[in-house]
Amino acid sequence: MNDTHSIWIKDPLAILADGAERGVVVRNGRVVELVGAGQAPTTSGAVAFEAGAHVVIPGLINTHHHFYQTLTRAVPAAMDRELFPWLQALYPVWARLTPESLDLAVTLAMAELMLSGCTTTTDHHYVFPAGLEEAIDIEIAVAKRLGLRVLLTRGSMNRSQRDGGLPPDGVVQDEDAILADSARLVAAHHERGEDAMVQIALAPCSPFSVTTSLMRATADLAEKLDVRLHTHLAETEDENRFCQEIHGCRPLDYLEQCGWLGARTWLAHGIFFNAAEMKRLGKAKTSITHCACSNQILASGCCPVCEMEAAGVQIGLGVDGSASNDGSNLMQEVRAAFLLQRARYGVAKVSHKDALRWATQGSASCIGRPELGEIAVGKAADLALFKLDELRFSAPAIRWRRWCYAARTAPTG
Ligand SMILES: [Zn+2]
């Protein structure tokens, strides 16, 4: 929404913002006014959009995905496997990705995300077989076509089976090629400022698929170019064992040795950190993306979200790749995170609003975009509007209509 007209999103069925019972006014992509019960906008000339059939929430923000995996959902050879054998079953399939198939996968992933209320997404693309060197450029073109706000990470793998790593030789690149392409992408596409629609971050796949040299060089390059850093960490016990065997330390120690422990970094999963490590993460302002569906499908474990937050760690949500989720539905991920964490911590500690907060303000923190994730004056007008005219929503829809009517007609002053 980049024109100069003001639009009043008027009288929504419900809205996730305090003091906005009669809706919000947006202009030039920003929220400029919240309209309280019994009030009318003070912004002159605002054109009304009748939102009486809609529930309005801040647009959801997805902070971990692998778009290319959308084409490899439910591959029989990968089913009923844990992370490492699951990866080994899928790498040969992913090694055959082409520019055309990636374009299709990205389009499908983004469309699913948008239909589920997502207005900003990240992606972690780290598979670069010959012929797919411009994978991130392909993703950017699709994002621009669909109008989705994106933070695309230039992923990487340079430690293949030949060097004791997990991926086959055909999907990795050498360090110089990775760093040169990372710098090229940031120079060509990374937008700065609060209105940025396309941003780039740097993202080695994981400690078991890249060399220490590349981990360190990537952190240095991110610092130099002032972009964010992302990777998978503490997803499985296998990873702890691998890290001990190869590097003689736990994954977080290794991360710190590589210059990654800081506010620029957000990590996917974060299941196997101990209490002292959570405190170090909180102090360093390193954020965590919780991927509830993927962690359950691969039986990886459960991110200790409440302990993390108590230690000062910001938590966001991510659908993770569709090969370990079967879909890109971010609202479904909100529900999965809510159910998993409520089962772990109980009713008093986890509410549905916590799960929505993780997918909005928490995710905004992960990607360093505080102007996103909240309906408030001055914030981006990234809104998700849901209609409830389906059988499955019938009871709450009727209750909300009654409540909204009462709120609007109540005497004020
Ligand atoms: Zn992942």
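The sections below set out a description of the structure shown in this document. No experiment lies behind these values; they were computed from the predicted model shown.

What counts as what
- Residues numbered from 1 in each chain as written.
- Predicted model: local features only at pLDDT ≥ 70, side-chain atom pairs only at ≥ 80, totals over all residues.
- Heavy atoms only, no water.
- Helix = DSSP H or I, 4+ residues; strand = E, 2+ residues; numbered from the N terminus.
- Rg over C-alpha atoms; globule rule 2.2 N^0.38 Å.
- Buried < 20%, exposed > 50% of the residue type's maximum accessible area, 1.4 Å probe, protein only.
- Contact = heavy atoms within 4.5 Å.
- Areas by Shrake-Rupley, 256 points an atom, 1.4 Å probe, with all protein chains shown as cover.
- Lys, Arg positive; Asp, Glu negative; His and termini not counted.
- Charge placed at Lys NZ, Arg CZ, Asp CG, Glu CD.
- Donors = N, O, S within 2.8 Å, 3.2 Å for Na, K, Ca; no water.
- Tetrahedral: all angles 85-135°; square planar, octahedral: opposite > 155°, others 65-115°.
- Salt bridge = Lys/Arg side-chain N within 4 Å of Asp/Glu carboxyl O.
- Axes fitted to C-alpha atoms, helices over the stretch in contact; angles between N-to-C directions.
- Parallel < 35°, antiparallel > 145°, perpendicular 65-115°, else oblique.
- Left-handed = near helix turned anticlockwise from the far one by under 90°.
- Nonpolar A, V, L, I, M, F, W, Y, C, P; charged D, E, K, R; others polar.
- Pairing = 2+ DSSP bridges.
- Right-handed = clockwise from strand over helix to strand, strands pointing away.

**Some remarks on the overall build of the protein**
At step 1: Along its length, the protein carries 13 helices and 15 strands.
At step 2: In terms of C-alpha radius of gyration, the protein reaches 22 Å, essentially the compact-globule figure of 22 Å for 413 residues.
At step 3: C-alpha atoms of the protein, sized along the principal axes, occupy 75 × 45 × 40 Å.
At step 4: Split into buried and exposed, the 413 residues of the protein put 57% on the buried side.
At step 5: Contacts in the protein between residues at least 24 apart in sequence constitute 74% of all its contacts with a sequence separation of at least 6.
At step 6: Split by element, the accessible area of the protein, about 16900 Å² in all, is 54% carbon and sulfur.
At step 7: The protein carries 39 positive and 47 negative side-chain charges, and their two centres are separated by 7 Å.

**Concerning the coordination of the zinc ion**
At step 1: Looking at the zinc ion, one finds its protein donor set to be H64 (NE2), H66 (NE2), H232 (NE2) and D320 (OD), positioned 2.1 to 2.4 Å from the metal centre.
At step 2: Coordination geometry of the zinc ion: the four donor atoms subtend angles of 88 to 176 degrees at the metal centre, consistent with an arrangement described as irregular.
At step 3: Counting the intervening residues between successive donors of the zinc ion yields the motif H-x1-H-x165-H-x87-D. With H66 in the loop between strand 7 (60-62) and helix 1 (83-94) and D320 in the loop between strand 14 (315-317) and helix 11 (330-345), the pair connects residues that are 254 residues apart, well separated along the chain.
At step 4: Take H66: its relative accessible area is 2%, and that puts it in the buried class.

**A closer look at the side chain of T265**
At step 1: For T265, the position within the fold is in strand 12 (residues 265-269).
At step 2: Setting aside its immediate chain neighbours within four residues, T265 contacts L229, W260, K285, T286 and S287.

**Focus on the pattern of salt bridges**
At step 1: Across all of its chains, the model carries 22 salt bridges by this definition.
At step 2: For the salt bridge of E194 with R30, the shortest nitrogen-to-oxygen distance reads 3.1 Å. Of this pair, E194 sits in the loop between helix 4 (175-189) and strand 10 (198-204) while R30 sits in strand 4 (residues 30-34), placing them 164 residues apart in sequence.
At step 3: With a relative accessible area of 44%, E194 lands in the partly exposed category.

**Things to note about the packing of helix 4 against helix 5 (residues 212-225)**
At step 1: Two elements in contact, helix 4 and helix 5, have axes whose closest approach is 11 Å; the angle formed by their N-to-C orientations is 20 degrees. Compared by their axis directions, helix 4 and helix 5 come out roughly parallel. Crossing geometry of helix 4 relative to helix 5 is assigned as right-handed. For the pair formed by helix 4 and helix 5, the contact residues are E175, I178, L179, S182, A183 and V186 on the first element and S213, L214, A217, T218, L221 and L225 on the second.
At step 2: Here the contact of helix 4 with helix 5 is composed, by residue class, of eight nonpolar, three polar and one charged.

**Brief notes about the sheet that holds strand 5 (residues 47-50)**
At step 1: The strand order across the open sheet built from four strands is 4-3-1-5, with neighbouring strands paired in mixed fashion. In this open sheet, the two edge strands, each paired with only one partner strand, are strand 4 and strand 5. On average, adjacent strands in this sheet sit at an angle of 30 degrees to one another, irrespective of strand direction.
At step 2: Here five bridges tie strand 1 (residues 6-10) to strand 3 (residues 23-27), and the two strands are oriented antiparallel to one another. In the strand pairing of strand 3, I9 is matched with V24.

**Concerning the pairing of strand 8 (residues 118-125)**
At step 1: Counting buried residues in strand 8 gives eight out of eight residues, a clear majority hidden from the surface.
At step 2: As paired strands, strand 7 and strand 8 are joined by three bridges and run parallel to one another. Counted as the bridge partner of N62 is T121 from strand 8.
At step 3: Taking the sense of rotation as the criterion, the β-α-β connection linking strand 8, helix 3 (residues 135-146) and strand 9 (residues 149-156) turns out right-handed.

**A closer look at the packing of helix 2 (residues 99-115) against helix 3**
At step 1: It is the contact of helix 2 with helix 3, at a shortest axis distance of 9 Å, that shows an interaxial angle of 40 degrees. By the angle class used here, helix 2 and helix 3 are oblique. The handedness of the crossing between helix 2 and helix 3 is right-handed. On helix 3, the residues that touch P99, L102, D103, V106, T107, M110, A111 and M114 of helix 2 are A135, I138, E139, V142, A143, R145 and L146.
At step 2: For the contact of helix 2 with helix 3, the per-class residue count stands at 11 nonpolar, one polar and three charged.

**A look at the sheet that holds strand 2 (residues 14-15)**
At step 1: Judged by pairing direction, the sheet is mixed, and its three strands sit side by side in the order 2-6-15 without closing on themselves. Every interior strand has two partners, whereas the edge strands, strand 2 and strand 15 (383-387), have only one.
At step 2: Sheet analysis places strand 6 (residues 54-58) next to strand 15, joined by five bridges and oriented antiparallel. By the bridge assignment, P58 is partnered in strand 15 with L383.

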